[in-house]
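# Structural overview for review
Next come the chains, spelled out residue by residue.
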Amino acid sequence: MKKNTCQKKMNLVEKLGVHLEAREQLAPVAARILSYIILTGKRGATFEDMVSVLCASKSTISTHLNHLQDLNKIEYFTKTGDRKKYFIIDKNTIIQHVDRMISHWDQEREIHLEIKAYKESENEKNIKNEDDKFDLTFHNDYVKFVDEATVSVKELREKLIDKKFHI
């Protein structure tokens, strides 16, 4: 059972690592470290665990841990009587990602509204045949989707800020 759980976790570390590598423009090892930390949760991942599980050298893990800390993607805590550092995800990383999503959606929304306004004006002045007019349904539906998604993500952001749950 434990081996099966470990294998599932490592498969997910790899899958999430590939995703984070592209999304966050991270080196492959840094993305796997971040993935491992995310999947270890609030109990924290130790340096020794990462060296062992991720099969990378101490210097490689150390370099990437320092880089991830410099990027404010991870932080660590210590336990009384224990000299180890326990690395966890920095909650602000998620908030920053959510803010980037909202900003991206706001920009897309504005572009769709501009395109829709242009098409509406063209429909009104230049196109006499109804079959040749621009169909605005997609733009209307897309703007509605972006508005609803933005509201949901903003609610998630507020819960993160208000510490309604742990990551």
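Whatever comes next refers back to the structure up there.
The shown structure was predicted, so the numbers you read here are calculated from the model rather than taken from an experiment. Throughout this description, residue numbers start from 1 for each chain and increase along the sequence as written. Confidence filtering applies because this is a predicted model: local features only for residues at pLDDT of at least 70, side-chain atom pairs given and counted only at 80 or more, and all residues used for totals across whole chains, interfaces and linings. The basis for the side-chain values is all heavy atoms of the structure; hydrogens and waters are excluded.

### Section: unusual backbone geometry
- For Gln-25, which is not a glycine, the phi torsion comes out positive at approximately 50 degrees.
- The way it works is that DSSP assigns letters per residue, a run of H or I at least four long becomes a helix, a run of E at least two long becomes a strand, and they are numbered from the N terminus. Mapped onto the elements of the fold, Gln-25 is located in the loop between helix H1 (2–24) and helix H2 (28–40).
- The phi dihedral of Asn-72 is positive, around 60 degrees, even though this residue is not glycine.
- By the element assignment, Asn-72 lies in the loop between helix H4 (58–70) and strand E2 (74–79).
- For each residue, the accessible area found with a 1.4 Å probe, counting protein chains only, is set against the maximum for its type, and the residue is called buried under 20%, exposed over 50%, and partly exposed in between. Under the relative-accessibility criterion, Asn-72 is labelled partly exposed at 43%.

### Some remarks on the nonpolar core
- Side-chain atoms within 4.5 Å are what join buried Ala, Val, Leu, Ile, Met, Phe, Trp, Tyr and Cys residues into a set we call a nonpolar core. One finds Ile-33, Ile-37, Met-50, Ile-61 and Leu-65 to be the most contacted residues of the largest nonpolar core, which totals 20 residues.
- Those elements that place two or more of their residues in this core are H1, H2, helix H3 (47–54), H4 and strand E3 (82–89).
- No other element matches the six residues that H2 contributes to this core.
- Note on contacts: a residue pair is in contact if any heavy atoms of the two residues lie within 4.5 Å. Leaving out residues up to four positions away in the same chain, Met-50 has contacts with Ile-33, Tyr-36, Ile-37, Ala-45, Cys-55, Ile-61, Leu-65 and Phe-87.
- Listed in part, the six residues of the second largest apolar core include Val-98, Val-146, Ala-149 and Val-153.

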